[in-house]
Amino acid sequence: MDPHYDAQDVARCDLCEVAIVQSYCDFCHVNLCKPCIGEHVSDDYSTKHIIVPFQLRRSTPIYPKCEKHPNKTCKLQCKDCNIFLCTDCLASEQHNKEHKLSKLEEVFRQTKDQIHRDKEELKEELLPVYEDIVTEIINQIANLDVDYQKFTTQISKHREELHREIDNVMDQREKEIDENKLKHLSILTKHLEEVKQLQSLMQESLHNLNEMEESNEVTPTIHYSSKNQEFSKLPPKVLVSMPKFIPKPIEKEELCRLIGKLTPLSTTLEERVFTAKKPNTSVRELLDQPEVLNTIKTGHERLCSVTCLNEEEIWTSGQMTADIKCFNTQGVLQKTTKTKSGNVPNDIAVYSDGALVYSDWITRTLFKVKNDQTEEIIRLQGWKPKQLCVTSSGDLLVTMISDDKTQSKVVHYSGSTVKQTIQFDDDGQPLYSGNNYFKYITENRNLDICAADFEAGAVVVVNQAGKLRFRHTGPPSSTKNEPFKPWGITTDSQSCILTSDCYNHCIHILDVDGHFLRYIDNCDLEFPTGLCVDNDDSLFVSEGLKGNVRKVRYLK
């Protein structure tokens with residue numbers, strides 16, 4: 001039997017291997033058709049066969065043989081002695097009658113129930129957690145090259161800075177050499193001129209002496225005064241000491257301190273705490289007629305995104321400005337934050353501590369704003385971030401597209417570390433359309449990851465492990481005129497999924513398994529885009545062209 005199709009295959013008799021199974025031997029664990037029952041039983045009359053309908057297979061307990069009475073089976077257990085007992089054991093009065101007894105059938109059923117609960121917990125809760133852990137470690141390994149490339153890039157940048165500073169210092173020393181050379185030349189030139197001047201005076205004196213030696217005039221001759229004594233005093237010799245370059249010895253330890261150091265690799269163990277999923281016990285029904293409670297005029301042209309934790313801080317952003325505005329539910333502007341680059345934000349979200357996070361696809365960066373301080377938390381290469389959301393655990397889910405706009409994926413970040421990448425289904429086919437259109441994203445209460453794929457006209461929902469659960473492409477029979485193009489998406493306390501059908505001016509409400517429940521189409525919404533739900537299940541809807549945020553009550 002093919003395990004992939006065992007639910008569809010017909011069970012056959014284990015004896016004849018042809019007829020359809022109708023019965024089961026609960027003692028021998030054999031499938032049987034009606035004609036083969038007699039053959040099976042006749043094979044060994046010493047065996048106490050237990051023939052039951054096939055639907056009740058493995059339902060009959062097989063009791064242990066009594067060690068003291070081999071022909072009896074034990075159907076009781078002594079809680080004090082922790083041994084099995086048969087009816088003969090009790091009749092023999094060898095066992096203390098004051099001990100507490102329990103029926104093995106009850107213990108068997110209770111243990112079976114516990115086994116079933118453990119199996120379901122292991123299958124539905126524990127195994128998916130381990131799958132996530134494996135995926136997280138695989139992603140960490142896959143990102144080692146990227147993470148360590150950051151160090152190499154940082155060191156290369158530092159190398160360039162050091163080389164630049166060394167070149168600057170060397171240029172300064174060369175400039176000092178040129179200045180000293182000019183000073184040296186000036187000193188020697190000045191001294192040369194002084195010596196030449198004396199030389200000229202000596203030439204002139206020699207010429208006069210030649211004339212006087214040949215002259216017969218008495219007066220000039222007797223008044224002659226020798227200047228040789230003056231000329232014999234030679235000009236001083238100018239000694240200019242050459243500058244010296246004294247290189248500082250290169251000390252490796254000092255050089256290492258100058259360059260900086262790399263901290264050693266450290267390994268710590270962080271305890272993982274398994275938290276079992278708790279079912280939602282507070283059931284709220286949908287209103288027959290949803291109603292608009294308030295309208296906030298944001299002033300945004302082409303309003304796209306809205307996000308909030310409570311009614312006091314409702315953040316909004318649009319496609320025409322770098323301003324991210326925060327209002328209270330009465331529509332009073334609380335504050336305005338500008339993107340660091342001046343680019344229009346692609347999407348906004350809020351952490352549980354009130355910190356704002358936004359995506360900038362031009363710079364391929366995600367920024368976090370807290371206490372009016374903006375910091376870069378993630379920078380991408382080869383991909384551009386689009387829409388995002390903050391998970392219940394404080395992580396980030398980011399939709400992104402490739403630079404060539406042919407591929408899309410969802411990346412799960414813990415801090416700035418990639419925890420999970422969701423891109424393909426089990427058949428290797430893309431989960432999301434590859435284009436530049438909107439793909440708003442949210443996390444459901446059951447940890448499903450829900451994305452509104454605008455171009456594909458579908459809400460794509462995967463489980464925590466990234467496995468496709470379902471696609472919603474609109475209700476089975478639609479009364480709307482335009483194709484389903486989901487834009488914004490959010491979830492509420494009932495694990496319902498709400499997505500804006502912008503061209504049909506309404507909201508779709510789905511249950512946790514993707515079944516269509518109803519529209520919100522009676523509130524005069526115009527071109528609904530971004531959605532969010534606060535802690536009280538109040539729905540906030542941004543109207544793209546009007547620039548308004550509508551507060552809608554849709555639950556009782």
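Since the model is a prediction, treat every value here as computed from it, not as a measurement.

1. What to know about the sheet that holds strand E24 (residues 486-491)
Taken together, the 4 strands give an open sheet; going across it, the order is E24-E25-E26-E27, and neighbouring strands pair in antiparallel fashion. Either end of the sheet is taken by a strand with one partner, and the two such strands are E24 and strand E27 (516-520). Across this sheet, the average inter-strand angle for adjacent strands is 20 degrees, counted without regard to direction. Where strand E26 (residues 506-510) lies against E27, 4 bridges are found, and the strand directions are antiparallel. What sits directly across from isoleucine 509, in E27, is arginine 518.

2. Remarks on the nonpolar core
Counting 16 residues, the largest nonpolar core has Tyr440, Val461, Trp487, Ile489 and Ile497 as the members making the most contacts within it. The set of elements that each furnish at least two residues to this core consists of strand E21 (449-453), strand E22 (458-462) and E24.

3. Let's talk about the packing of aromatic side chains
One pass over the full model with this rule turns up 11 aromatic pairs. Note on phenylalanine 438 and tryptophan 487: the rings are 4.0 Å apart at their centroids and 25 degrees apart in plane angle, and the pair reads as stacked. Here phenylalanine 438, found in the loop between strand E19 (417-422) and strand E20 (439-443), pairs with tryptophan 487, found in strand E24; they are 49 residues apart in sequence, far enough to count as distant. Tryptophan 487 sits in the buried class, given a relative accessible area of 6%. Ring geometry for phenylalanine 516 against tyrosine 519: centres 4.8 Å apart, planes inclined by 65 degrees, an arrangement best described as edge-to-face. A relative accessible area of 27% means that phenylalanine 516 is categorised as partly exposed.

4. Quick look at the sheet that holds strand E17 (residues 396-402)
Within the open sheet, the 4 strands sit side by side as E16-E17-E18-E19. Their pairing is antiparallel. The sheet terminates laterally at strand E16 (383-390) and E19, the two strands that pair on one side only. Neighbouring strand axes in the sheet, compared pairwise and without regard to direction, differ in orientation by 30 degrees on average.

5. Re a positive patch on the surface
Positive charge collects at one region of the surface, where Arg57, Arg58, Arg109 and Lys112 lie side by side. Within the secondary structure, lysine 112 sits in helix H3 (residues 104-142).

6. Concerning unusual backbone geometry
Backbone geometry follows two general trends: most residues other than glycine have a negative phi, and most peptide bonds adopt the trans configuration. A positive phi angle, near 65 degrees, is found at serine 495, a position not held by glycine. In this fold, serine 495 is placed in the loop between E24 and strand E25 (497-501). Using a relative accessible area of 11% as the deciding quantity, one classes serine 495 as buried. Unlike most non-glycine residues, aspartate 537 shows phi in positive territory, near 65 degrees. Following the sequence through the fold, aspartate 537 ends up in the loop between strand E28 (528-533) and strand E29 (539-543). Overall, the relative accessible area of 5% leaves aspartate 537 in the buried class.

7. Looking at the side chain of threonine 491
The residue threonine 491 is located in strand E24 in this model. With a relative accessible area of 4%, threonine 491 lands in the buried category. A polar side-chain atom of threonine 491 sits 3.2 Å from the main-chain carbonyl oxygen of glutamate 443. For threonine 491, the side chain forms a polar contact with the side chain of arginine 445, separated by 3.1 Å. Leave out the neighbours within four places in its chain, and threonine 491 touches Thr442, Glu443, Asn444, Arg445, Cys496, Ile497, Leu498 and Val533.

8. A word on the environment of alanine 19
Within the secondary structure layout, alanine 19 lies in the segment before strand E1 (23-25). Exposure remark for alanine 19: the relative accessible area of 25% places this residue in the partly exposed category. Each C-alpha atom of the pair alanine 19 and cysteine 33 lies 6.2 Å from the other, and the pair is 14 residues apart in sequence. Leave out the neighbours within four places in its chain, and alanine 19 touches Ala11, Arg12, Cys13 and Cys33.

9. Points about the state of the cysteines
Counted by the stated rule, this structure contains 0 disulfides. Counting only cysteine sulfurs, cysteine 86 is the nearest neighbor of cysteine 66, a cysteine outside any disulfide, at a range of 3.5 Å. Left unpaired, cysteine 532 is separated from the closest cysteine sulfur, that of cysteine 308, by 3.4 Å. Under the relative-accessibility criterion, cysteine 532 is labelled buried at 6%.

10. Regarding the pairing of E20
Each regular strand carries side chains that alternate between the two faces of the sheet. A large share of E20 lies buried, amounting to 5 of its 5 residues. Burial of the side chains of E20 extends over both faces: Lys439, Ile441 and Glu443 are buried on one face and Tyr440 and Thr442 on the other. As defined by bridge partners, E20 adjoins E21 across 5 bridges and the pair is classed as antiparallel. Following the sheet pairing, threonine 442 is matched in E21 by cysteine 450. With antiparallel pairing between neighbouring strands as the criterion, E20 and E21 make up a hairpin whose turn holds 5 residues, including leucine 447 at a positive phi of roughly 75 degrees.

11. Points about the pattern of salt bridges
Tallying each qualifying case throughout the model produces 19 salt bridges. We note a salt bridge from aspartate 537 to arginine 284, for which the minimum N-O separation is 3.3 Å. Of this pair, aspartate 537 sits in the loop between E28 and E29 while arginine 284 sits in the loop between helix H7 (252-259) and strand E7 (286-297), and the two are 253 residues apart along the sequence. For arginine 379, the salt bridge is made with glutamate 376, and the minimal N-O distance between the two is 2.9 Å. On the basis of relative accessibility, which here comes to 38%, the residue glutamate 376 falls in the partly exposed class. Through salt bridges with shared partners, a single network forms among Asp448, Arg469 and Asp513.

12. Focus: the confidence of the model for the protein
Of the residues in the protein, 96% reach a pLDDT of 70 or more, and the chain-wide mean stands at 87. Here H7 stands out as the least confident element of the protein, with mean pLDDT 80; E25 is the most confident, with 96. This stretch, residues 1-8, has a pLDDT under 50; its non-local contacts, to residues over four places away or in other chains, come to 5 contacts.

13. Comments concerning helix H1 (residues 34-43)
Because an α-helix packs 3.6 residues into every turn, residues spaced three or four apart end up facing the same way. Among the residues making up H1, those that are buried are Cys36, Ile37 and His40. Taken around the axis of H1, the buried residues stretch over an arc of 120 degrees, which confines them to a single face. Residues of H1 that are buried make contact with E1, strand E2 (30-32) and strand E3 (51-53).

14. Here's the deal with H7
Little of H7 sits inside the fold, with 0 of its 8 residues counted as buried. Positive backbone phi, at 110 degrees, marks glycine 260, one or two positions downstream of H7.

Rules used throughout
- Note on numbering: residues in each chain are counted from 1, in written sequence order.
- Selection of residues for local features in this predicted model requires a pLDDT of at least 70, selection of side-chain atom pairs for listing and counting requires 80 or more, and totals for whole chains, interfaces and linings are taken over all residues.
- Calculation of side-chain values draws on the structure's entire complement of heavy atoms; hydrogens and water are dropped beforehand.
- Strand pairing follows a simple DSSP-based rule, namely that at least 2 bridges must link the two strands.
- Elements are defined by DSSP. Helices are runs of H or I of four residues or more, strands are runs of E of two residues or more, and each kind is numbered from the N terminus.
- Here an axis means a line fitted to C-alpha atoms, over the contact stretch when the element is a helix, while the angle between two N-to-C directions is reported on a 0 to 180 degree scale.
- The criterion is simple. A nonpolar core is a set of buried Ala, Val, Leu, Ile, Met, Phe, Trp, Tyr and Cys residues joined through side-chain atoms within 4.5 Å.
- Only protein chains enter the accessibility calculation, which uses a 1.4 Å probe; a residue is then buried when its area is under 20% of its type maximum, exposed when over 50%, and partly exposed in between.
- Note on aromatic contacts: the rings of Phe and Tyr and the six-membered ring of Trp form a pair at centre separations within 6.5 Å, being stacked when their planes are under 30 degrees apart, edge-to-face when over 60 apart, and tilted otherwise.
- Only residues above 30% relative accessible area that lack a salt bridge enter a patch, with like-charged residues linked at up to 9 Å and the nonpolar side chains Val, Leu, Ile, Met, Phe, Trp and Tyr linked at up to 5 Å.
- Note on areas: Shrake-Rupley, 1.4 Å probe, and residue coverage restricted to the protein chains presented here.
- Any carboxyl oxygen of Asp or Glu within 4 Å of a side-chain nitrogen of Lys or Arg constitutes a salt bridge here.
- Charge counting follows a simple rule: Lys and Arg are positive, Asp and Glu are negative, and His as well as the terminal groups are ignored.
- For the purpose of locating charges, the reference atoms are NZ of Lys, CZ of Arg, CG of Asp and CD of Glu.
- Within 3.5 Å is the distance limit for a polar contact, defined as a pair of N or O atoms, with the added protein rule that one can donate a hydrogen and the other accept it, and that residues adjacent in sequence qualify only through two side-chain atoms.
- Throughout, a residue-residue contact means that at least one pair of heavy atoms, one from each residue, lies within 4.5 Å.
- The criterion for a disulfide is a pair of cysteine sulfur atoms lying within 2.5 Å.
- Values of pLDDT, the confidence the predictor places in each residue, fall between 0 and 100.
- This arc is taken over the directions from the axis of the helix to the C-beta atoms.

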